[in-house]
Amino acid sequence: MKAASIGASSRPVLPPIIPETEKEFLESIQDYIISEIEKVGCTEQGPAEEYYIIYRNVFEKIIEHVNTYKGILTTIKQEYDAFIEAIKKGQRNAFYLHGKLKVLACEPSTLMYYKKRITQLEEKIKRIERNSARIENLIQKIRTLRLTIAADGSQNPTKKVNPAQKIPGLNLKDSFDISALSSHLAHLQQRTKELKEDMLTKYIPLENTVSVEKDMKRALHLRNVAEKENESLKFCYYRLTQFANVVNIWENSDRSIDTLQQLIFQMIENEKLSEGTIVSSISSVFERDPSKRKEAEDLIEYIERFNELFSRGQYEAAAIYAANCPRGILCNEEALEKFRAVGPIKGKTLPLLMYCEALVSTAIAVEQPLPTNLTTEAIKCALSEKRLDLVMHWVTLHRLEFSEAAGDAIYKYAEVDKHNKSQCLALAQIVYGECGAHRKAALCLCKQGQIFGAMDYLHQCKPLPTGDYIFLIKHCPTVELIRRLTQEWNGQPALMSLGETVLSFIHTEYRSYCLRLLEELANQGKDVLERMIVNDSVCSVEGWKDIAETCLQTRREKLARLLISVLAAQEGVVELPLDDHEDAKLMEHIFM
C-alpha cells in the first residue's frame, strides 16, 4: 500500500484543461483591457482612476460570465467598491481638513497684516486731516483777501481793472505794446490755420471711425501674411543653400553614393525638407548618371515611408523597416535616438528595444557584423529591460562587433541580477575576449572562481603590462591568485616577480594577502621560499629587507627570521633595525 502511494505521488500531474469557450472569453477580456488602456492613453504614470474604471468593468463582465460564483464575486465587488469609496471619502476629508488647517495656520499672519494695515490707514487719515486743515486755512485766507479787495473797490469806485490783463500769454506791460500785440496776433492766426489743416488731414468725422478701423485691420492682416511669406522664403532659401553646400562637399570628396545618402538622410532628419525639394535638387546632380539618380530617389522614398510609419505610432513596423533599409542608411545613431525619444508605452515592448532587436536580427541574417556603437547600445537597452536572454543569444552567436563598453555593461549588470551573476560574468568574458580587453576577461574568470582558467588564458595571450596583473589583484584579491601570478605555470616563467608584487601592495590594504602567501610558502619549507627569492631577479636585496621590516612591524617574527636568514646566506650580513631583545639574539645568530 505504501509502495503504491509512493508510485502515485511521483507521477506528473496534468494541468487542468480549459474549455475553448473559456479561452475565447479570456482572450476577449485581455483584448478589451489593452484596447481600453490605449483609448484613454494611460502610461506607467497614468491616472489611477482610469485603471479602476477599466478593471471594474472587466470584473463585472466576469461576474456576468460566471454563474456558479456570481453571488460570491458580487459580494466581493461590493466590498471592494465600498472600500474604495471609503478611501475616496477619506481623501476628500483629508483635503478639506488640510485646507482648513492651512486657514488656521494663516490666521496669525492674517491678523498681523490686518493690524499693520490699520496702523497704515490711521496714519493716512491723520495725514489727510492735516492737509484738510491746511486747505481750510488757505481758503479762509483767500476769503479774507477777497473781502478786503471788495471793501477797497467800494471805497474807490473810479478804480477799474484794465481789460488787457485778461489776454492769455501777455503780461500787463505787453498789453499796452502795439508790436507785442501784433506779434501775438500773428501767432494766433498761424495757430488757427494749423488747426484748420489738422481738422482736414488728421481728424475724421466720428461716423467714419468704423470703416477706418476695418481698413486698418485689413492692412495689418496683409502685413502679417507678407511677413510670414517672407520668413518662409528665407527658410526655403536657407534649406536650398544647405543642400547646395552638401552637393559641393560630395562633389569635392569621393563622389560615392553612400556619402550622399548619409548627407541626405541627415538633412531630412534635421531640416525636415520635403521630398519634392530633395528630388528636384538631386535631379540636377545626377543628370549624367540616371541610375544613381533613381537610386537616390528610391532612398528618399524609403526614408519618407519610415517617417510615415513612425509618425503613425507603428514602431515595430518602423523598426523592421529601418533595420532592412538599403545601404544601412537608417541603421545609425540618429535613428536610434529617434526611437529612444519615444520612451516606454504601457502594455507594449519598448520601441527602442524593438529597433535594437531588428538591427541585431538583420545583422545576423545577412552575416554582416553590427557596428560596435550600435551593438553596445543594443546590449544596454536589453539589459535595462531585464532581457538577459536576448543578450545571451546575441553574444553566443559571435556575429557582432563587441567593444569594451559592451562588456562593461554586462559586467555591471551582474551586480544587479545576483541570481544570474555567473552567466553575466561568462558573457562579459566572451565580449572582453572578442574586443581584446584581456585583463577584464581574466577578471571575469577570477570572479567565477576559475583561477586556473584565468592563468591559462593569461599565458595564451601575449605578455601583458605589469599594471594589468596588478589590476587583477586589486579587483579580485586572493592569496591563490597572487600565488599563481608569481610562480611558474606549466613550465612557463612566472608573470610577476614575487618580491615586486609584495612591495607593490606592502603599504596598501592588500598587504595581508601578500604576507599570508609568504607564510604559506615558509610553511612548505625554507628551501621553497629560498628558491623563489633566489630566482627572483627583479626584486633587489633592499626590497626584501623592506619586506622583512614589514613582517617585524606586523608581528610576524618567524617569517622575518626566515627572510633574514635567507638574505644573510645570500649577502653575508644583512642590517635590519631590530628593537627587541629577541631580534638582537637573532642578529647574533646570523653573525655567528
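Up top is the structure.
These numbers were taken from a predicted model, which means no experiment stands behind them.

**Student:** When you look at unusual backbone geometry in this model, what are you seeing that I'm missing?
**Tutor:** Apart from glycine, the bulk of residues carry a negative phi angle, and the bulk of peptide bonds sit in the trans form. Phi at K386 is positive, roughly 60°, even though this residue is not glycine. Locating K386 in the fold gives a position in the loop between α13 (372–384) and α14 (388–397). The exposure class assigned to K386 is exposed, which follows from its relative accessible area of 66%. The phi angle at R555 is positive, at roughly 65°, despite the residue not being glycine. Positionally, R555 belongs in the loop between α24 (541–553) and α25 (557–571).

**Student:** Looking at this structure, how should I read a positive patch on the surface?
**Tutor:** Together, R117, K124, K126, R127 and R130 give the surface a local cluster of positive charge. One can find R127 in helix α4 (residues 70–155).

**Student:** I tried to follow the packing of aromatic side chains on my own but got confused; where do I start?
**Tutor:** Geometrically, a pair of aromatic rings is defined through the distance of the ring centres and the angle of the planes. Applying the stated criterion to the full structure yields seven aromatic pairs. Summarising the aromatic geometry, the rings of F306 and F310 are spaced 6.0 Å apart at their centres and angled 45° between planes, so their arrangement reads as tilted. Placement of both F306 and F310 in helix α9 (residues 290–311) is noted, with a separation of four residues, approximately one turn of the helix. Taking relative accessible area as the criterion, F306 reaches 0% and is therefore assigned buried. The class for F310 is buried, based on a relative accessible area of 12%.

**Student:** Explain the packing of helix α17 (residues 438–447) against helix α19 (residues 466–475) to me, please; I cannot follow it from the model alone.
**Tutor:** Pairs of packed helices are described in terms of their axes, by the angle between the two and the distance that separates them. One way to put it is that α17 packs onto α19 with a least axis distance of 10 Å and a crossing angle of 30°. One way to sum up the angle between α17 and α19 is to call them roughly parallel. With respect to the hand of their crossing, α17 and α19 are arranged in right-handed fashion. The segment α17 lies against α19, with R439, K440, A442, L443 and K447 engaging G467, D468, F471, L472 and H475. Each residue belonging to the contact of α17 with α19 can be placed in one class, and the counts come to four nonpolar, two polar and four charged.

**Student:** What is the right way to look at a nonpolar patch on the surface in this model?
**Tutor:** There is a patch of nonpolar side chains on the surface, built from Y69, I72, I76 and Y80 and spanning about 440 Å² of accessible area. In this structure, Y69 sits in the loop between α3 (48–65) and α4.

So, how was this worked out
Residues numbered from 1 in each chain as written. Predicted model: local features only at pLDDT ≥ 70, side-chain atom pairs only at ≥ 80, totals over all residues. Heavy atoms only, no water. Helix = DSSP H or I, 4+ residues; strand = E, 2+ residues; numbered from the N terminus. Buried < 20%, exposed > 50% of the residue type's maximum accessible area, 1.4 Å probe, protein only. Patch = residues over 30% accessible without salt bridge, like charges linked within 9 Å, V, L, I, M, F, W, Y side chains within 5 Å. Areas by Shrake-Rupley, 256 points an atom, 1.4 Å probe, with all protein chains shown as cover. Salt bridge = Lys/Arg side-chain N within 4 Å of Asp/Glu carboxyl O. Lys, Arg positive; Asp, Glu negative; His and termini not counted. Charge placed at Lys NZ, Arg CZ, Asp CG, Glu CD. Phe/Tyr/Trp six-rings, centres within 6.5 Å; stacked < 30°, edge-to-face > 60°. Axes fitted to C-alpha atoms, helices over the stretch in contact; angles between N-to-C directions. Parallel < 35°, antiparallel > 145°, perpendicular 65-115°, else oblique. Left-handed = near helix turned anticlockwise from the far one by under 90°. Contact = heavy atoms within 4.5 Å. Nonpolar A, V, L, I, M, F, W, Y, C, P; charged D, E, K, R; others polar.

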